[in-house]
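# Results of the structural survey
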Amino acid sequence: MSSNPPVPDYDLAEVIELTTPAQVRAIGDPLRTTILGLLHERAATVTELAAAVRRPKGTVAHHVNVLTEAGLLRVVRTRRVRALEERYYGRTARMFYVGVGESPEGGAMPLDFNDFEVAAKESAAAFQAHRLWAFIRHARIPEEHATAFWHRIKELVQEFDHLPRSGETTYGFAVGLYPVADYPALPEQDDGS
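Rules used throughout
- Residues numbered from 1 in each chain as written.
- Predicted model: local features only at pLDDT ≥ 70, side-chain atom pairs only at ≥ 80, totals over all residues.
- Heavy atoms only, no water.
- Helix = DSSP H or I, 4+ residues; strand = E, 2+ residues; numbered from the N terminus.
- Buried < 20%, exposed > 50% of the residue type's maximum accessible area, 1.4 Å probe, protein only.
- Polar contact = N/O pair within 3.5 Å; in protein donor to acceptor, adjacent residues only side chain to side chain.
- Contact = heavy atoms within 4.5 Å.
- Arc of directions from axis to C-beta.
- Phe/Tyr/Trp six-rings, centres within 6.5 Å; stacked < 30°, edge-to-face > 60°.
- Lys NZ or Arg CZ within 6 Å of the ring centre and 35° of its normal.
- Expected span 1.5 Å × (residues − 1).
- Axes fitted to C-alpha atoms, helices over the stretch in contact; angles between N-to-C directions.
- Parallel < 35°, antiparallel > 145°, perpendicular 65-115°, else oblique.
- Nonpolar A, V, L, I, M, F, W, Y, C, P; charged D, E, K, R; others polar.
- Core = buried A, V, L, I, M, F, W, Y, C linked by side-chain atoms within 4.5 Å.

Let us now look at the side chain of Q23. Tracing the chain through its elements places Q23 in helix α1 (residues 21–27). You can call Q23 buried: its relative accessible area is 12%. Engagement of the side chain of Q23 in a polar contact is seen with the backbone nitrogen of T19, the distance being 2.8 Å. With residues up to four places along the chain from it excluded, the contact list for Q23 reads E17, L18, A70 and L72.

Below you can see the structure in the form of structure tokens.
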């Protein structure tokens, strides 16, 4: 039997598509994405989350409410503490992704924040300490190959999300696949004829 409990310590869906502007705006705030990240480990109260992010309880409660109203968090259990009921919040899904296209109201979906911008800021200290593992590669491939490759990447992300939380260091894991405009290409090879 494993000594590490399942991560997180509550039931949740594997994947939920974000289809409303309110949902996309909800994950567009760095503090809210940090809260969502912390809840990958286990359910937590507003008090615990506020202590973890070193922010006032009122501020964290506001962000938890935004995430709850957007359907990204829910109360997964409660417990009585003196005369009050303490709520433990958890994610509604292990992974959220933004649906492509228009919102149900007909307008363009707002952009999610740039995960690479967040990763660049988070990774600066690791880079300076020579502890950043990173690659960037470019390949001219058909779109169907890029789509198939992205599905394999999503499986790796899901594996990372399921890892038991242990150890002293938190590691960031940033991945992306994007088309690059105006990337140079070699001319067609002269076959000598």
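The next thing to look at is unusual backbone geometry. Although it is not a glycine, R54 sits at a positive phi angle of roughly 55°. Judged by relative accessible area, which is 75%, R54 ranks as exposed. Positive phi is not limited to glycine here, since R82 has a value of about 55°. Positionally, R82 belongs in the loop between β2 (73–81) and β3 (84–91).

Next up on the list: the environment of V46. The residue V46 is located in helix α3 (residues 46–53) in this model. You can call V46 buried: its relative accessible area is 16%. V46 sits 43 residues away from Y89 along the chain, and the two C-alpha atoms are 7.9 Å apart. In contact with V46, not counting residues within four places along its chain, are K57, V60, A61, V64, R87 and Y89.

Listed as buried for helix α2 (residues 30–38) are L31, R32, I35 and L36. Down the axis, α2 shows its buried residues gathered within 145° of arc, on one side only. In this structure, the buried residues of α2 make contact with α1, α3, α4 (57–69), β2, β3 and β4 (93–98). Looking at where α2 begins, the residue whose side-chain oxygen comes 2.9 Å from the main-chain nitrogen of L31 is D29.

For the rest of this paragraph, the subject is the packing of aromatic side chains. Taken as a whole and judged by the stated rule, the model has two aromatic pairs. The interplanar angle of 5° and the centroid separation of 6.3 Å between the aromatic rings of W133 and Y171 together place this pair among those described as stacked. Here W133 is found in the loop between α5 (115–128) and α6 (143–161), whereas its partner Y171 is found in the segment after α6, with 38 residues between them in sequence. Here the guanidinium or amino end of R77 rests over the ring plane of Y88, the centre of that ring lying 5.1 Å away.

Right, let's get into the environment of T59. Along the chain, T59 falls in helix α4. On the basis of relative accessibility, which here comes to 30%, the residue T59 falls in the partly exposed class. Sequence separation between T59 and L31 is 28 residues, and the spatial gap between their C-alpha atoms is 9.9 Å.

Before going further, it helps to spend a moment on α4. In this model α4 runs 18 Å from its N-terminal to its C-terminal C-alpha over 13 residues, within 8% of the 18 Å that 1.5 Å per residue would give. Taken together, the buried positions of α4 are V60, H63, V64 and L67. Projection of α4 onto a plane perpendicular to its axis shows the buried side chains occupying an angular sector of 100°, all on one side. The exposed residues of α4 that point more than 90 degrees off its buried face are G58 and E69.

Interhelical geometry of α2 versus α4 gives an angle of 80° and a closest axis separation of 10 Å. In terms of their interaxial angle, α2 and α4 are classed as roughly perpendicular. Residue-level contacts link L31, R32, I35 and L36 of α2 to T59, V60, H63, V64, V66 and L67 of α4. Class assignment for the residues of the contact of α2 with α4 results in seven nonpolar, two polar and one charged.

Core analysis: the largest hydrophobic core is formed by 26 residues, its most contacted members being I35, V60, V64 and L72. Every element with two or more residues in this core is listed here: α1, α2, α3, α4, β3 and β4. What V64 contacts, discounting residues up to four positions off in sequence, is I35, V46, L49, L73 and Y89.

Spatial relationships are all this shows, so hold off on functional conclusions.
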